[in-house]
Amino acid sequence: MILYDAPDTLSTGETAPARDTGARKGVFSTAGGSTWLLVTGLTLAGVVAGVAWVIFIVWTVRRRRARRAENEAFTEAVDQR
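Below you will find a few notes about this structure. (Residues numbered from 1 in each chain as written. Predicted model: local features only at pLDDT ≥ 70, side-chain atom pairs only at ≥ 80, totals over all residues. Heavy atoms only, no water.)

### A short note on the overall build of the chain
At step 1: Along its length, the chain carries one helix and three strands.
At step 2: Along the chain, from the amino end to the carboxyl end, the secondary structure elements read β-β-β-α.
At step 3: For 81 residues, the compact-globule estimate of 2.2 N^0.38 gives 12 Å, and the chain exceeds it by more than 25% at 28 Å.
At step 4: Here the C-alpha coordinates of the chain stretch approximately 90 × 25 × 15 Å along the principal axes.
At step 5: Looking at the chain alone, contacts between residues at least 24 apart form 48% of all its contacts between residues at least 6 apart.
At step 6: Total accessible area on the chain stands at roughly 7200 Å², and carbon and sulfur atoms take up 60% of it.
At step 7: A gap of 7 Å separates the mean positions of the 10 positive and 8 negative side-chain charges of the chain. (Helix = DSSP H or I, 4+ residues; strand = E, 2+ residues; numbered from the N terminus. Rg over C-alpha atoms; globule rule 2.2 N^0.38 Å. Contact = heavy atoms within 4.5 Å. Areas by Shrake-Rupley, 256 points an atom, 1.4 Å probe, with all protein chains shown as cover. Lys, Arg positive; Asp, Glu negative; His and termini not counted. Charge placed at Lys NZ, Arg CZ, Asp CG, Glu CD.)

Spelled out as structure tokens, the structure:
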């Protein structure tokens, strides 16, 4: 039997109160552990990466549009001569 999210101080052979939620291979500890920190950290990292990706895409598109506008302005200036 696996004890999911076991308390950090729990060692082999000790007992802890648990709740059976229907998971196939284990039960969940009612005392809790620090797994929520890992899940929260990974979730925050994912959100930050997603926001950074969107900012990067917007920045790249704006930079390309600015370059295209500069090139068109330069071409028009050369053509007018």
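Having seen the model, we can carry on.
### With respect to the packing of aromatic side chains
At step 1: Here the structure, examined in full by the defined rule, presents two aromatic pairs.
At step 2: Plain terms: the ring middles of phenylalanine 56 and tryptophan 59 are 6.3 Å apart, the flat faces sit at 40° to each other, and that makes the pair tilted. Linking phenylalanine 56 with tryptophan 59, this pair stays in helix H1 (residues 35-80), spanning three residues, or about one helical turn.
At step 3: Its relative accessible area of 42% is what places phenylalanine 56 among the partly exposed residues.
At step 4: Members of the aromatic cluster, each reached through a chain of ring pairs, are Trp53, Phe56 and Trp59.
At step 5: Of note, arginine 63 hangs over the ring of tryptophan 59, and the distance from its end group to the ring centre comes to 4.5 Å. (Phe/Tyr/Trp six-rings, centres within 6.5 Å; stacked < 30°, edge-to-face > 60°. Buried < 20%, exposed > 50% of the residue type's maximum accessible area, 1.4 Å probe, protein only. Lys NZ or Arg CZ within 6 Å of the ring centre and 35° of its normal.)

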